[in-house]
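Here's the letter readout for the chains.
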Amino acid sequence: MLTFKQLTHALAVERTLHFKKAANHCAVSQSALSASIHELESQLGSPLFERNNKHVMLTSFGRVFLQRARQVVLAAEDLMAFAQAQREPLSYPLSIGVIPTIGPFLLPKVLPHVREAYPNVSLRLVEEQSHRLVQQVRDGELDTAIVALPYPLEGLHAFEFWDENFFVVMHHSEVDTDATRIRADELAVERLLLLREGHCLKDHALSACRLQMSAKQDTSLESTSLYTLVQMVAGKMGLTLVPELALEQLVTSESGLVALALAEPGPHRSLAFITRLNYVGVDGVERLRVCFREALMNAPAH
C-alpha cells in the first residue's frame, strides 16, 4: 500500500532533483528518504528517478505518476486544513507568498494586527516574483499568495483587500515647491527609473502612466528593488514611481526626496490574496483578507 509519507518524499525529490536537499526539506535523514523512495518504486514496479553520483532525473513514468501524486497529497493537505479550521480559526500552519514590491511595506503594517486577532496563527512567508508565486499556489506549494492586480490568474480565485495609487518620487531640487500632483505627460520619461523586467510593478507603473518603454530610457539604470531605485533618485539620477504603501519607508524628511501624487485615474493597482479554486482553507484566507484591510484602514496616513 502506498503511503502519504512516500508520496511526500518523492515529490520533494521531484522539486529539488537532489536527495540530500529533499531529505532536509522533509526533515528526515538522506538514508531514510532513499529507503522510502526505493520501497515506493518497488511497490510500483517501475523507477521514478534516474540517478547517479551527479544527477537526478525523472523517468517518463515518474513524471506522469508524480503529477497525479501531487493532486493526491494536495487534496489530503487541504482536508487536514479544513479539519483544523473547524476547531479554531487560523490555528493551523499557513504558507503565504508575497511579491518583493509589497512584502517589506505591507507586512509590518498588518502582521501585528493579525497576531493580535489570531494569537495561534502560524505563518510561513515566501517572497518571490508574481509568476513564481502563481505557479506555487497552483501546484499546492503555497496555500495562498499576495499579488498585485491586474495579473493573469486563470484557474485561481482572487480576494482583493486594498487599492492604491502610484506617486512620482523626485529630488526636491527638481520640483516646484507648491506642487502636490503631477500628470503623466509632465514626466521626463527619458529619466524614468524602473524595475527590471519580470517585476509586475514595472508593468503597473507604465500602465498607470499610459507609457510604453522608450528607446531613450537607460536600461542600465534598472534595478531589482524599490530601495535601490529611490537611492538613485536621491542621487539626482532620475525619477521613479512608488506605490503608496511604500512611501512611509522610502520617502522620509531626511531623504531630500519629494513624492507627488500621480494625477491619473486610479486605483493604479489592487492587492489580493489568490487561492486555488478548490482550496478548502478559503475561510482562513478570507479572515486574513478582512484582517489586512482593517489594519491598513487604521494605519496612520503618510
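Up top is the structure.
Counting restarts for each chain, with residues numbered from 1 along the sequence as it is written. Selection of residues for local features in this predicted model requires a pLDDT of at least 70, selection of side-chain atom pairs for listing and counting requires 80 or more, and totals for whole chains, interfaces and linings are taken over all residues. Side-chain calculation: all heavy atoms of the structure are included, whereas hydrogens and water are not.

Some thoughts on the overall build of the protein chain
Stage number 1. Segments assigned H or I by DSSP are reported as helices when at least four residues long, segments assigned E as strands when at least two residues long, and all are numbered from the N terminus. Helix and strand counts for the protein chain come out as ten helices and twelve strands.
Stage number 2. Counting only C-alpha atoms and orienting by the principal axes, one finds that the protein chain spans roughly 75 × 45 × 35 Å.
Stage number 3. Think of it in three bands: residues with accessible area under 20% of the maximum for their type are buried, residues over 50% are exposed, and the middle band is partly exposed, with areas taken using a 1.4 Å probe on protein chains only. Out of the 302 residues in the protein chain, the part that is buried amounts to 46%.
Stage number 4. It only takes one pair of heavy atoms within 4.5 Å for two residues to be counted as in contact. Considering only contacts in the protein chain between residues 6 or more positions apart, those separated by 24 or more positions represent 73%.
Stage number 5. Per-residue and other accessible areas were derived by the Shrake-Rupley procedure at a 1.4 Å probe size, with only the shown protein chains allowed to occlude residues. For the protein chain, the accessible area works out to roughly 15600 Å², and carbon and sulfur atoms hold 52% of it.
Stage number 6. His residues and chain termini do not enter the charge count, which takes Lys and Arg as positive and Asp and Glu as negative. Where a charge lies is defined by one atom per residue type: Lys uses NZ, Arg uses CZ, Asp uses CG and Glu uses CD. Charge separation in the protein chain, taken as the distance between the mean sites of 28 positive and 34 negative side-chain charges, equals 7 Å.

Thoughts on the packing of helix H2 (residues 19-26) against helix H3 (residues 30-44)
Stage number 1. In the contact formed by H2 and H3, the axes pass within 9 Å of each other and the chain directions differ by 100 degrees. In terms of orientation, H2 lies roughly perpendicular with respect to H3. Listed contacts from H3 to Phe 19, Lys 20, Ala 22, Ala 23 and Cys 26 of H2 are Gln 30, Leu 33, Ser 34 and Ile 37.
Stage number 2. Gly is placed with the polar residues, together with every amino acid not listed as nonpolar (Ala, Val, Leu, Ile, Met, Phe, Trp, Tyr, Cys and Pro) or charged (Asp, Glu, Lys and Arg). Taken together, the residues of the contact of H2 with H3 sort by class into six nonpolar, two polar and one charged. Angular values range over 0 to 180 degrees, each being the angle between N-to-C directions of two axes fitted as lines to C-alpha atoms, with helices fitted over their stretch in contact. Every angle not falling under 35 degrees, over 145, or within 65 to 115 is termed oblique; those three ranges are roughly parallel, roughly antiparallel and roughly perpendicular.

Quick word on the sheet that holds strand E10 (residues 239-243)
Working definition: the strands of a sheet are paired by backbone hydrogen bonds and lie parallel or antiparallel to each other.
Stage number 1. Across the sheet, which stays open at both edges, the five strands sit in the order E8-E11-E7-E10-E9 with mixed pairing between neighbours. Pairing within the sheet leaves two strands with one partner each, and these edge strands are strand E8 (181-182) and strand E9 (192-193).
Stage number 2. Bridging between E8 and strand E11 (residues 257-262) involves two bridges; their strand directions are parallel. Note that in E11 the partner of Ile 182 across the bridge is Leu 262.
Stage number 3. Against the sheet, helix H8 (residues 226-234) contacts strand E7 (166-171), E9, E10 and E11, and its axis sits at roughly 140 degrees relative to E10. Each pair of strands is called paired provided DSSP finds at least two bridges between the two strands.

Comments concerning the layout of surface pockets
Stage number 1. With a 1 Å grid laid over protein atoms only, a set of points is called a cavity when a 1.4 Å probe fits there but cannot get out and a pocket when it is open yet has protein on both sides within 12 Å along at least five of seven lines; lining residues have an atom within 4 Å of a point. Grid points are joined across faces, edges and corners, and a volume is the space filled by probe spheres set on the points. In this structure, the largest pocket spans a volume of roughly 900 Å³.
Stage number 2. Where the lining of the largest pocket is concerned, the elements lending two or more residues are helix H1 (4-16), H2, helix H4 (60-87), strand E3 (93-98), strand E4 (122-127) and helix H6 (130-139).
Stage number 3. If one sorts the elements of the lining of the largest pocket by residue count, H4 sits on top with eight residues.

Regarding the pairing of strand E5 (residues 144-149)
Stage number 1. Most of E5 is tucked away, with six of its six residues classed as buried.
Stage number 2. Across the two faces of E5 the burial is the same, with Thr 144, Ile 146 and Ala 148 and Ala 145, Val 147 and Leu 149 all buried.
Stage number 3. Relative to E5, E3 runs parallel, the two sharing three bridges. Looking across to E5, one finds that Ile 96 is bridged to Thr 144.
Stage number 4. The sheet contact formed by E5 and strand E12 (residues 269-276) spans five bridges and is antiparallel. Each bridged residue has a counterpart across the sheet, and for Ala 145 the counterpart in E12 is Ile 274.

What about the pattern of salt bridges?
Stage number 1. Counted as salt bridges are all cases of a side-chain nitrogen of Lys or Arg within 4 Å of a carboxyl oxygen of Asp or Glu. For the coordinates displayed, the defined rule picks out eleven salt bridges.
Stage number 2. With its nearest N and O atoms 3.0 Å apart, the salt bridge here joins Arg 287 to Asp 283. Of this pair, Arg 287 and Asp 283 both sit in helix H10 (residues 282-298), four residues apart, which is roughly one turn of the helix.
Stage number 3. Of the residues examined, Arg 287 reaches a relative accessible area of 29% and is grouped as partly exposed.
Stage number 4. Several salt bridges converge on common partners, so that one network encompasses Arg 183, Asp 185 and Glu 186.

With respect to the environment of Ala 75
Stage number 1. With respect to the helices and strands, Ala 75 occurs in helix H4.
Stage number 2. Residue classification places Ala 75 among the partly exposed positions, given a relative accessible area of 40%.

Quick word on the nonpolar core
Stage number 1. What is meant by a nonpolar core is a set of buried Ala, Val, Leu, Ile, Met, Phe, Trp, Tyr and Cys residues, joined one to another through side-chain atoms within 4.5 Å. Counting 40 residues, the largest nonpolar core has Ile 102, Leu 106, Ile 146, Phe 161, Ile 274, Leu 288 and Phe 292 as its most contacted members.
Stage number 2. Among the elements of the structure, E3, helix H5 (103-117), H6, E5, strand E6 (156-164), E12 and H10 are those that each provide at least two residues to this core.
Stage number 3. Counting residues per element, this core draws most heavily on H10, at six residues.
Stage number 4. Apart from residues no more than four positions distant in its own chain, Ile 274 is found in contact with Val 134, Val 137, Asp 143, Thr 144, Ala 145, Val 147, Leu 153, Leu 156, His 157 and Ala 158.
Stage number 5. Membership of the second largest hydrophobic core comes to 36 residues, among which are Phe 167, Val 175, Ala 184 and Leu 241.

Points about the packing of aromatic side chains
Stage number 1. Only the six-membered ring of Trp is used, alongside the rings of Phe and Tyr, when aromatic pairs are assigned; centres must lie within 6.5 Å, and planes under 30 degrees apart are stacked while those over 60 apart are edge-to-face, with the rest tilted. Taken as a whole and assessed by the stated rule, the structure comprises six aromatic pairs.
Stage number 2. Taken together, a centroid distance of 6.3 Å and an interplanar angle of 75 degrees make the contact between Phe 19 and Phe 49 edge-to-face. With a gap of 30 residues between them, Phe 19 in helix H2 and Phe 49 in strand E1 (residues 49-51) connect regions that are remote in the sequence.
Stage number 3. Exposure remark for Phe 19: the relative accessible area of 10% places this residue in the buried category.

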